Amino acid sequence: GHRVAEREERVAGEGRRAEEELRAAQALHAPLSDDQGILAATIHDALSNVASDRGDYDLALVESRRARELREALFGPDHPEVATTRNNLARALIGLGALDEAEVELRGVLAIREAALGSAHPMVGNSLTNLANLADLRHDFAASVAANRRALAIAEATYGPDHPNTATIHNNLGRALMRGGDL
């Protein structure tokens with residue numbers, strides 16, 4: 001109990017310090033050239049991640065939406081950088097319980113990554129894992145199993161059968177099969 005409270009306090013303090021530093025960087029780069037726009041989007045994404053880590057999903061949503069606006073203006077809507085930002089946006093939406101909106105974002109991330117990187121790229125596997133996790137939250141275990149199986153095939157081809165990422169996906173797949181009644 002006491003150690004958990006100490007760790008939570010330390011993480012919260014680190015999050016506050018990280019946010020202070022990111023806000024300072026943001027203020028320094030207020031007039032945006034294209035390069036600074038990229039930096040501004042990166043800062044907004046980082047602030048979104050800090051806020052999500054703290055459980056402040058409202059702030060995370062604001063920051064990730066701003067990052068998405070900037071990245072889409074710089075790169076267009078189908079760029080892998082936009083996919084990363086949309087993934088962060090989905091994380092905030094999941095934290096707020098907006099699962100339908102999160103699914104739209106995660107499916108968009110998957111489409112961008114498949115088009116830009118190919119269907120066997122590890123980032124596509126990451127997107128599939130995120131969709132599987134969302135399906136788990138919805139108790140849609142058939143969808144979770146299907147996404148986990150695709151992610152597993154990518155992980156095995158990319159990392160091999162003994163890699164920790166592959167083991168994690170095996171675990172996720174097993175849990176989804178068990179929870180879906182496929183023992």
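Now for a description of the structure that goes with this document.

**What to know about the overall build of the protein**
Phase 1 of the analysis: Helix and strand content of the protein: 8 helices and 0 strands.
Phase 2 of the analysis: Each of the 183 residues in the protein was classed as buried or not, and the buried ones make up 38%.
Phase 3 of the analysis: Within the protein, contacts between residues separated by at least 24 positions form 58% of all contacts whose residues are at least 6 apart in sequence.

**A look at the pattern of salt bridges**
Two side chains of opposite charge can pair, provided their charged atoms sit close to one another.
Phase 1 of the analysis: Counted under the stated rule, the structure contains 14 salt bridges.
Phase 2 of the analysis: The salt bridge partner of Glu101 is Arg65, with a shortest N-O separation of 3.7 Å. Of this pair, Glu101 sits in helix α5 (residues 99-117) while Arg65 is found in helix α3 (residues 57-75), placing the two residues 36 residues apart along the sequence.
Phase 3 of the analysis: With relative accessibility at 42%, the residue Glu101 sits in the partly exposed group.
Phase 4 of the analysis: For Glu103, the salt bridge is made with Arg107, and the minimal N-O distance between the two is 2.9 Å. Here Glu103 pairs with Arg107, and both are found in helix α5, just 4 residues apart, close to one helical turn.

**Structural notes on helix α8 (residues 164-179)**
Given 3.6 residues per turn, any residue in an α-helix points the same way as the ones three and four places further on.
Phase 1 of the analysis: Over its 16 residues, α8 extends 22 Å from the first C-alpha to the last, a length consistent with the 22 Å expected when each residue adds 1.5 Å.
Phase 2 of the analysis: By the burial criterion, the buried members of α8 are Thr166, Ile169, Asn172, Leu173, Ala176 and Leu177. Seen along its axis, α8 keeps its buried residues to an arc of 135°; they face one direction.

**Remarks on the packing of helix α6 (residues 122-137) against helix α7 (residues 141-159)**
To describe two helices that pack against each other, one gives the angle between their axes and the distance between the axes.
Phase 1 of the analysis: Direction vectors running N to C along α6 and α7 enclose 155°, while the axes themselves pass 8 Å from each other. Of the possible angle classes, the one that applies to α6 and α7 is roughly antiparallel. For the element pair α6 and α7, the recorded crossing hand is left-handed. Across the interface between the two elements, Pro122, Val124, Gly125, Leu128, Thr129, Ala132, Ala135 and Asp136 from α6 touch Phe141, Ala143, Ser144, Ala147, Asn148, Arg150, Ala151, Ile154, Thr158 and Tyr159 from α7.

**Re the packing of α3 against helix α4 (residues 80-95)**
Phase 1 of the analysis: Across the interface, α3 lies against α4 with an axial gap of 9 Å and an inter-helix angle of 160°. Regarding the angle of α3 to α4, the classification is roughly antiparallel. At the point where α3 passes α4, the crossing takes the left-handed sense. Contacts from Tyr57, Ala60, Leu61, Ser64, Arg65, Ala67, Arg68, Arg71, Glu72 and Phe75 of α3 reach α4 at Glu81, Val82, Thr85, Arg86, Asn88, Leu89, Arg91, Ala92, Leu93 and Gly95.
Phase 2 of the analysis: By residue class, the composition of the contact of α3 with α4 is 9 nonpolar, 4 polar and 7 charged.

Rules used throughout
- Along each chain, the written sequence defines residue order, and numbers are assigned to residues from 1.
- For a predicted model such as this one, the threshold for reporting local features is a pLDDT of at least 70, and the threshold for listing and counting side-chain atom pairs is 80 or more; totals across whole chains, interfaces and linings nevertheless cover every residue.
- Side-chain metrics in this entry use all non-hydrogen atoms of the structure; hydrogen atoms and water are not considered.
- The numbering of helices and of strands both runs from the N terminus, where a helix is a DSSP run of H or I of at least 4 residues and a strand a run of E of at least 2.
- Exposure classes here rest on a 1.4 Å probe applied to the protein chains alone. A residue is buried below 20% of its type maximum, exposed above 50%, and partly exposed in between.
- Throughout, a residue-residue contact means that at least one pair of heavy atoms, one from each residue, lies within 4.5 Å.
- Salt bridge criterion: a side-chain nitrogen from Lys or Arg within 4 Å of a carboxyl oxygen from Asp or Glu.
- Take the number of residues in a helix, subtract one, and multiply by 1.5 Å to get its expected span.
- By construction, the arc corresponds to the directions joining the helix axis to the C-beta atoms.
- Note on definitions: angles span 0 to 180 degrees between N-to-C directions of axes, and those axes are lines fitted to C-alpha atoms, for helices only across the stretch in contact.
- Here is the rule for angles: anything less than 35 degrees is roughly parallel, anything more than 145 is roughly antiparallel, 65 through 115 is roughly perpendicular, and the remaining ranges are oblique.
- Less than a right angle of anticlockwise turn of the near helix away from the far helix marks a crossing as left-handed, whereas a clockwise turn marks it as right-handed.
- Note on residue classes: Ala, Val, Leu, Ile, Met, Phe, Trp, Tyr, Cys and Pro are nonpolar, Asp, Glu, Lys and Arg are charged, and everything else, Gly too, is polar.

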